[in-house]
Amino acid sequence: MKEIKLSDIYVPHSDSIVIEFEFITKTKGGIELPDQMLKEYAESQGFAKQVMAVGPEVKNYKIGDWILFNSRAQMIPVPLIYHSSKGKQHGQIHEYDVLGKVDSDFAKVTTTKELTIN
């Protein structure tokens, strides 16, 4: 089966950026997680994500960039038109919610507790 990139079949509108993320609402056993636990889980995952698709008005970022975005950004789920083998989903944010690009090595750090800056 040929692998299809999200950017080949979906172009977000205007200044939107599509990122890949892991989104959970319940445990493997089927227990629904309360909002506070979801927030804590999201924060533990870090906010550095890889750009999967960009809208025509996005000027500063391209597919493959790793970005750091505002934790309060309104993320809109992208419809399930793309199935990743990694069990990831896609969300769409506006370019103004992006704080900046990050190095791909930094993107692998999941929390600021693991990071030491001299």
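Further up the page is the structure itself.
Attention here is on the structure that accompanies the text. (Residues numbered from 1 in each chain as written. Predicted model: local features only at pLDDT ≥ 70, side-chain atom pairs only at ≥ 80, totals over all residues. Heavy atoms only, no water.)

**Some points on the overall build of the chain**
- Each helix and strand counted, the chain has three helices and six strands in total.
- Each helix and strand of the chain, ordered N terminal to C terminal, gives the series α-β-α-β-β-β-β-β-α.
- For the chain, the residues scored as buried account for 31% of the 118 residues in total.
- As displayed, the chain offers around 8,400 Å² of accessible surface, 53% of which is attributable to carbon and sulfur atoms. (Helix = DSSP H or I, 4+ residues; strand = E, 2+ residues; numbered from the N terminus. Buried < 20%, exposed > 50% of the residue type's maximum accessible area, 1.4 Å probe, protein only. Areas by Shrake-Rupley, 256 points an atom, 1.4 Å probe, with all protein chains shown as cover.)

**Some remarks on the sheet that holds strand β1 (residues 16–21)**
- Spatial strand order, β4-β5-β1-β2-β3-β6: six strands in an open sheet with antiparallel pairing. At either end of the open sheet lies a strand with only one pairing partner, and these are β4 (76–77) and β6 (98–102).
- Two strands pair when backbone bridges link them, and strand β3 (residues 66–69) and β6 are joined in this way by four bridges, in the antiparallel orientation. Counterpart to I67 in the pairing with β6 is K101. (Pairing = 2+ DSSP bridges.)

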